[in-house]
Amino acid sequence: MMIIETKLDNRFQPLVAHVKDTSNVLDCSGAGIMVIHHDKIVTEQYWGKHAKAPDARPIQEDSQFHVASVRKSYIGFAVAYAVQNRYIACIDDKVTKYIAIHNTAVYKNMTIRHLLTHTHGLNIKEGKQIREFAAGQSWAYRDINIDLLAEIVEQTTGKTIAQIVSEHVFEPLEFKETGWYDEQNEQLVQVIRKPNNKFWSTSKGTDGDKKNMYVSTRELAYWGYIHLKQGFINGRQVVSEDIIRLATSLQSPSLKNKELPQNGFLWFVKDLPAMKSEIGERVPKGSFQILGYTSVALLVIPKHDLVAVRMFNSFGSTPGYDYLSDIRSFGDTVIACL
């Protein structure tokens, strides 16, 4: 079990205000925030309800939010596990080495590294896979790489994403508020969305490859803390340090456009300043972050021994909301609090 002392620090009130401002702009019914700094929980607040109904459950410690693309950090962990244990020989191996591909021309020269760093160049158009740009030549955020990575992990290890992270993280640290759910329960915060939102998925399954992952504010912060501490928790090495280092270090190929984001194993990683990165300008090099379509975010800043999490239940943006400006400002506000 993870044990972290709580010692509240008023220095982070500007960050709380920032998150509350964002929750007011988004179509939320509730939100949460947690900051861990120097091995102590220095900020933890919840407000609102699980849904807009008057009798809805209040947001609280065990409320689990739909984390959308934040789930990719768990998939990144599973891929790093497969690499570390030699199920995947090298991330510069071609994808076609590990899974059978019919349309080999579209997959030409595409490696696992390209899938991990959003530099693969694939997209789906009218139900068919197409190539937007040559692999390794640019950056684009598409979900096709996630499906391929999940397939590679399962084909090579014989285990699902969920089995790997459960065995190596959730079970040893007794996580009870993180998982993939087929059905609603009282701990799950309702996702507020427009009925015709094309990014919403109702697919079911508990293998960890689908978009139905829910996590509590504190367990998402703990997930970040595990990465901050490189798996060394409560005086012992609970999670492999090598897996964490691999997942959170810079893996992106060198691109001509230096303003494009940089990634580790799906994590956004701060290396060179980049205007299109979701990580704020003031956030120091070596930091890493993951952001979801629900605007849920997890930021880890090793230089300042800090983890910051914000949780919302609005799926997608509202008119006038600039997600990139807001998430960069979130990180910059964390730094301003220090």
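Everything discussed here concerns the structure shown above.
Just so you know, these numbers come straight off a predicted model, no measurement behind them. (Residues numbered from 1 in each chain as written. Predicted model: local features only at pLDDT ≥ 70, side-chain atom pairs only at ≥ 80, totals over all residues. Heavy atoms only, no water.)

1. Topic: unusual backbone geometry
So, point 1. At Asp39, a position not held by glycine, the phi torsion is positive, near 65°.
So, point 2. Within the secondary structure, Asp39 sits in the loop between strand S2 (30–37) and strand S3 (40–48).
So, point 3. Its relative accessible area of 32% is what places Asp39 among the partly exposed residues. (Helix = DSSP H or I, 4+ residues; strand = E, 2+ residues; numbered from the N terminus. Buried < 20%, exposed > 50% of the residue type's maximum accessible area, 1.4 Å probe, protein only.)

2. Notes on the nonpolar core
So, point 1. Ranked by size, the top nonpolar core spans 75 residues in total, and within it Met2, Phe77, Val79, Leu220, Ile226 and Leu298 carry the most contacts.
So, point 2. Ranked by residue count, the leading element in this core is helix H2 (residues 72–84), at 9 residues.
So, point 3. Sequence-distant contacts of Leu298, that is, excluding residues within four places in its chain, are made with Leu220, Trp223, Gly224, Trp267, Phe288, Gln289, Ile290, Val307, Ala308 and Val309.
So, point 4. Residues Val16, Ala297, Leu299 and Leu306 belong to the second largest nonpolar core, which totals 30 residues. (Core = buried A, V, L, I, M, F, W, Y, C linked by side-chain atoms within 4.5 Å. Contact = heavy atoms within 4.5 Å.)

3. A few points about the packing of H2 against helix H5 (residues 161–170)
So, point 1. Two elements in contact, H2 and H5, have axes whose closest approach is 9 Å; the angle formed by their N-to-C orientations is 85°. Classified by the angle between their axes, H2 and H5 sit roughly perpendicular to one another. Within the contact between the two elements, H2 uses Tyr74, Ile75, Phe77, Ala78 and Tyr81 and H5 uses Ile161, Ile164, Val165, His168, Val169 and Phe170.
So, point 2. Here the contact of H2 with H5 is built from residues that sort into 10 nonpolar, 1 polar and no charged. (Axes fitted to C-alpha atoms, helices over the stretch in contact; angles between N-to-C directions. Parallel < 35°, antiparallel > 145°, perpendicular 65-115°, else oblique. Nonpolar A, V, L, I, M, F, W, Y, C, P; charged D, E, K, R; others polar.)

4. Observations regarding the sheet that holds strand S4 (residues 64–66)
So, point 1. Taken together, 3 strands build an open sheet; the order of strands is S4-S8-S7 and the sheet is antiparallel. Strand pairing shows two members of the sheet lacking a second neighbour, S4 and strand S7 (178–180), which therefore form its edges. Each strand of the sheet is rotated relative to its neighbour by a mean of 25°, with strand direction disregarded.
So, point 2. Note that S7 and strand S8 (residues 213–216) share 3 bridges and pair antiparallel. Paired with Trp180 across the strands is Met213, a residue of S8. (Pairing = 2+ DSSP bridges.)

5. Quick look at the state of the cysteines
So, point 1. What the rule picks out here adds up to 0 disulfides.
So, point 2. Distance from the sulfur of Cys28, which forms no disulfide, to the nearest cysteine sulfur (Cys337) is 20 Å.
So, point 3. Looking at Cys28, the relative accessible area reads 18%, which means it is buried. (Disulfide = S-S within 2.5 Å.)

6. Some points on the packing of aromatic side chains
So, point 1. Enumeration according to the criterion identifies 13 aromatic pairs in this entry.
So, point 2. Each ring, one from Trp267 and one from Phe288, has its centre 5.0 Å from the other, and the planes form 85°; the classification is edge-to-face. In this pair, Trp267 sits in the loop between helix H7 (241–248) and strand S11 (268–269) while Phe288 sits in strand S12 (residues 288–291), placing the two residues 21 residues apart along the sequence. With respect to class, Trp267 is no different from Phe288; both count as buried.
So, point 3. Here the aromatic residues Tyr74, Phe77, Phe170, Phe175, Trp180, Tyr222 and Trp223 are joined through ring pairs into a cluster of three or more.
So, point 4. One cation-aromatic arrangement involves Lys20 over Trp47; the distance from NZ or CZ to the ring centre is 5.1 Å.
So, point 5. Across the ring face of Phe330, the terminal group of Arg310 is positioned such that the distance to the ring centre comes to 5.2 Å. (Phe/Tyr/Trp six-rings, centres within 6.5 Å; stacked < 30°, edge-to-face > 60°. Lys NZ or Arg CZ within 6 Å of the ring centre and 35° of its normal.)

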